[in-house]
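Single-letter residue listing:
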Amino acid sequence: MKNLSETKFALSYINKYGSLMAQGNGYLGLRASHEEDYPGQVRGMYLAGVYNRPAGSESAELVNLPDIAGMQIELDGQLFSLQMGKIVEYERHLALGSGLLTRRIIWRDPRGRLFELNFERVVGKTRGTLIGSRVSIKSLNQSVRAVITTGIDGQQTNFGTQQLMEEKLHVAAGDFMVGHYETIESDRKIVIAAKVAPGGVITAKNRQIKSQVTFDLQPGQAAILEKIVMVSSDLDLETTNLENVGADRRLSQQKDSDVLAILESTALAKLADRDFDWLKREVEKDWAKFWVTGRVELEPKASTVNTDQLALDFASYHLEIMTPKNDPRMSVGAKGLTGEGYKGHVFWDTEIFILPYFLHHSPETAKNMLLYRYHHLQDAKEKAQQYGYSGALFPWESAFSGREETPEFAAINIRTGKRQRIASALAEHHIVADIAYAVWGYFQATRDQIFMEKYGRELLRETAEFWLSRAVWQDGHYQILDVIGPDEYTEHIDNNAYTNYLAVFNVEQAIRFNQDATDFCQRGADFLANLYLPVAGSDGIIPQDDTFLTKPQIDLEKYKQTQGKQGILLDYSRAEVIDMQILKQADLVMLFYLLPHLFPADIVAQNLSFYEERTIHDSSLSKAIHAIVACRSGDVDTAYRFFQEACLIDLGTDPHSSDDGIHAASTGAIWLAAVFGFAGVDTTDVRLHFTPRLPETWQKMSFHFWWQNEKLQVELKQGMIKLSKGSTTELEIEINGKLLTLTDREIEERI
Ligand code: BGC
């Protein structure tokens, strides 16, 4: 498996690679910051669920924890920094296959002395595990005194906002450095314990505890320092039994005042006798296990240079490290655990873009994401009530508490001094139907009746109740007024097609699973019979909303050149953008993707091209979805172009696009484009369908896909599909519209 590599040191890329090469396990994320400091370098370590609401702020923020990755290296008093001297050789790799981050440098210091430095870093793949790093410094041509200083640095902030109080710094069990912390507002307790080998002189000052180790080196001799660390919070102590969530709607809160002491003794026990090599071996084994089924594997045509495989592996790697597996108190933020973008908040990105990967690889993890919503159903009902609606209105952005976390205002416009109100919390209500869609999707893929009985049907009914109360009777129909659809460049519009059709789907599914609720079913049927649904006009175009087609169109070429940068907002005010035919991201096209059988193929193709012309793709949630719909429309070349562009959202050459974290939804969307686009998977029927259309440069594509308790292995070649499954139970599928009953463990079909 290929590495993600950086072959040149460039300060301008430091934060991009800090995000791209981050390591983690779904509960903890560690940015790939360099050991040594650089101006502007953002260090970061985060724990899922550990948020804090700073004084005066309406939004909780994912807390940037004390730094454990930093190391100060002095060579005869000369500070090691690549900004000085000469870089003779430089390479950094994240081995996606084994989770290991390495950096190798040959450096000539300003005094002409030559050094070889090797850094390794690894993060355990399971919850509550260790983080290890090793540095080796070899003096190549002189004797030298090397001094390495490293420990736990509590001076870390969220871009200047202090989120933690330091309770205690101390040395325990001989040579362990330990820091006790509490988040200022949310009262989370965190313990970090670290040990270096060989041991050094430990000091504590200014919220830092550090060990200083000195090596006297002869030419050719290496100083080797290992550090292992354990980070945990009180969230690790509480029960996370999924089934308790339904039973009492409340996960037990450990209130013990000795929580920090318990965390410390657990950490010290875990660290005892562990070293870097042991951890590295464990992590390698865990990643190897993951990759057996976690990957889409491509065989490109001979002689083509193909970066698609790297993008797909990058996507699987990040999906895996961003997602908590079995703790419904936490979900996935828009940047995973790789940075502070969007303050670590959870959006519709999770259910629509990230969840499907897990649905078809690890359904229990997908279930956990839905339980996060179920766990906060009461908060969603309260939000609905607050605005005069019934049912559940889930927050547009959420964190640990389940309350609405969307900031009220965007950043101040430095020219006008005005602040732009963010309307999403008030109007981007499609998230309600998105969650319902994911509940239905989970049932489609798993047939998990117990989940539906305990949680799913209630989630469907409460979300449907919201739509029943949200619609108003006007001009002889129900209408859904004043919303924002997925396209956030069009605000406060009536009858957004995406929202209305998804609301219908939500209510249909709620009725299906709540047949015993007679009154609800009657009101639901009335809603379904009378909700206004935008349809194609005589020109074949479906209006995105009631006024979209009446707005002026402008040439977007200039802005499409710099997609993702929101450049249009530098030339036009937001109010002006809203009043033009400009889409930030897939909207109607998103509807085509989620419900592919609503409209005839010619209407889909026509609307895809109409709306694409008007879409800047300023959101990372857009291109891959266009790729899927283009592929399903038979335009594989366009689909492949969109797919490749989607792969560049994080992996492209733009130095700053991922500074504050990778685009979590985009990684999910890359996988979706491969599987739901090119492999032609359709899960919306009772049967699984395949209508494969591989890009010309892909000779072969294979992947694993869980479907209704079967672990399928899919292999596609141009003109051929092979399916293997783990059992001989009958499974009906359709391949290019042909019904097949799979009883054997393996079938091969010409396509
Ligand atoms: C997009 C939203 C998305 C959010 C978080 C915004 O730019 O328009 O659709 O949910 O980013 O990724």
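Just so we're clear, the structure is a prediction, and the values are computed from it rather than from any experiment.

How each quantity is defined
Each residue is numbered by its place in its chain's sequence as written, counting from 1. Since the coordinates come from a predicted model, pLDDT governs what is reported: local features require at least 70, and pairs of side-chain atoms require 80 or more to be given and counted, while whole-chain, interface and lining totals use all residues. Hydrogens and water are ignored here; the side-chain numbers use all heavy atoms of the structure. By definition, disulfides here are pairs of cysteine sulfur atoms that lie within 2.5 Å. Here's how the labels work: a residue is buried when its accessible area is under 20% of the maximum for its type, exposed when over 50%, partly exposed in between, all with a 1.4 Å probe on protein chains only. Secondary structure elements are taken from DSSP: a helix is a run of H or I of four residues or more, a strand is a run of E of two residues or more, and numbering for both begins at the N terminus. In this charge count, Lys and Arg are treated as positive and Asp and Glu as negative; neither His nor the chain ends contribute. Each reported salt bridge corresponds to a side-chain nitrogen of Lys or Arg within 4 Å of a carboxyl oxygen of Asp or Glu. Two N or O atoms count as a polar contact when they lie within 3.5 Å, although within protein this holds only if one can serve as hydrogen donor and the other as acceptor, and sequence-adjacent residues are included solely when both atoms are side-chain atoms. Contacts: residue pairs with any heavy atoms within 4.5 Å of one another. A molecule or strand has a residue near it when one of that residue's heavy atoms lies within 4 Å. To measure how exposed things are, a 1.4 Å probe is used in the Shrake-Rupley method; for residues, cover is taken only from the protein chains shown. Side-chain classes follow a simple rule in which Ala, Val, Leu, Ile, Met, Phe, Trp, Tyr, Cys and Pro form the nonpolar group, Asp, Glu, Lys and Arg form the charged group, and the remainder, Gly included, forms the polar group. Think of a 1 Å grid over the protein atoms and nothing else: a 1.4 Å probe that fits but is trapped marks a cavity, an open set flanked by protein within 12 Å on at least five of seven lines marks a pocket, and residues with an atom within 4 Å of a point count as lining. Grid points are joined across faces, edges and corners, and a volume is the space filled by probe spheres set on the points. Two strands are counted as paired when DSSP detects at least two bridges linking them. Here, nonpolar core means buried Ala, Val, Leu, Ile, Met, Phe, Trp, Tyr and Cys residues that are tied together by side-chain atoms lying within 4.5 Å of each other. Either an automatic procedure or a domain database provided the assignment from which the domain bounds are taken. Pairing of aromatic rings covers Phe, Tyr and the six-membered ring of Trp, with a centre-to-centre limit of 6.5 Å; geometry is then stacked below 30 degrees between planes, edge-to-face above 60, and tilted otherwise.

**Student:** I'd like a rundown of the state of the cysteines, residues and numbers included.
**Tutor:** Disulfides are covalent bonds that link the sulfur atoms of two cysteine residues. This model, assessed by the stated rule, comprises zero disulfides. Looking at the unpaired C631, the closest cysteine sulfur is the one in C647, lying at 14 Å. With relative accessibility at 0%, the residue C631 sits in the buried group.

**Student:** Which residues make up the side chain of D682, and what are the values?
**Tutor:** Relative to the assigned elements, D682 resides in strand β25 (residues 681–682). R632 is the oppositely charged side chain nearest to the buried, salt-bridge-free D682, at an N-O distance of 5.2 Å. Among the polar contacts made by the side chain of D682, one reaches the side chain of T684 at a distance of 2.7 Å. Contact partners of D682, with chain neighbours within four places excluded, come to P596, H597, R687, L688 and H689.

**Student:** Could you give an account of the site of the ligand, with specific residues and numbers?
**Tutor:** Taken together, A334, Y342, F347, W348, D349, W396, E488, K584, Q585, S619 and L621 make up the full set of residues near the ligand. A distance of 3.0 Å separates an oxygen atom of the ligand from a polar atom in the side chain of E488. Here an oxygen atom of the ligand and a side-chain polar atom of Q585 are 2.6 Å apart. Out of a free accessible area of 310 Å², the ligand has 94% covered by protein chains. Residues of the shell around the ligand, tallied by class, amount to six nonpolar, two polar and three charged.

**Student:** Give me the lowdown on empty space enclosed by the protein, citing residues and values where you can.
**Tutor:** Here the structure, examined in full by the defined rule, presents seven cavities of 30 Å³ or more. Within this model, the largest cavity holds a volume of roughly 230 Å³. Taken together, 21 residues line the largest cavity, and the ones lying closest to its centre are P356, Y437, Y593, F676 and T683. If you list the elements that add at least two residues to the lining of the largest cavity, you get α6 (349–359), α10 (430–446), α17 (588–594) and β25. Counting residues per element, the lining of the largest cavity draws most heavily on α10, which supplies six residues. In terms of residue class, the lining of the largest cavity is built from 13 nonpolar, five polar and three charged. The wall of the second largest cavity is formed by 16 residues, among which Y27, L28, L47, R127 and D236 lie closest to the centre.

**Student:** Outline the sheet that holds strand β3 (residues 28–30), supporting the account with residue identities and numerical values.
**Tutor:** Taken together, three strands build an open sheet; the order of strands is β2-β3-β4 and the sheet is antiparallel. Strands at the two margins of the open sheet, each flanked by one partner only, are β2 (23–24) and β4 (45–47). Note that β3 and β4 share three bridges and pair antiparallel. Bridging across to β4, L30 finds its partner in M45.

**Student:** Which residues make up the sheet that holds strand β17 (residues 201–205), and what are the values?
**Tutor:** The strand order across the open sheet built from five strands is β8-β7-β13-β18-β17, with neighbouring strands paired in antiparallel fashion. Edge strands, defined here as strands with exactly one partner in the open sheet, are β8 (78–79) and β17. Sheet topology note: the β17/strand β18 (residues 208–217) ladder contains five bridges and is antiparallel. Note that in β18 the partner of I202 across the bridge is S211.

**Student:** Please set out unusual backbone geometry residue by residue, giving values where relevant.
**Tutor:** For the bond from A197 to P198, the omega torsion is 0°, close enough to zero to count as cis. Along the chain, the position of P198 falls in the loop between β16 (189–197) and β17. For F159, which is not glycine, the phi dihedral falls at a positive 45°. By secondary structure assignment, the location of F159 is in the loop between β13 (144–153) and β14 (164–172). Look at F159 and you get exposed, because its relative accessible area is 61%. Its identity is not glycine, yet R447 carries a phi of approximately 55°, on the positive side. If you trace the backbone, R447 turns up in the loop between α10 and α11 (449–470). Look at R447 and you get partly exposed, because its relative accessible area is 29%.

**Student:** An account of the nonpolar core is requested, with residue identities and associated values reported.
**Tutor:** Ranked by internal contacts, the top residues of the largest apolar core, which has 173 residues, are W348, F353, F643, M701, F703 and F705. The element that contributes the greatest number of residues to this core is α10, accounting for 12 residues. Summarising the domain contributions, this core has at least three residues from each of domain 1 (3–293) and domain 2 (295–678). Core analysis: the second largest hydrophobic core is formed by 58 residues, V50, I192, L225 and A399 among them.

**Student:** Let's hear about the packing of aromatic side chains: which residues, and what values?
**Tutor:** Applying the stated criterion across every chain, the model contains 40 aromatic pairs. Centroid distance F676 to F705: 6.4 Å. Interplanar angle 55°. Geometry classified as tilted. Pair noted here: F676 is in helix α21 (residues 664–678) and F705 is in strand β27 (residues 698–707), with a separation of 29 residues, a long-range link. The exposure class assigned to F676 is buried, which follows from its relative accessible area of 5%. Three or more aromatic residues joined by ring pairs form one cluster here, namely Y357, F358, W671, F676, F703 and F705.

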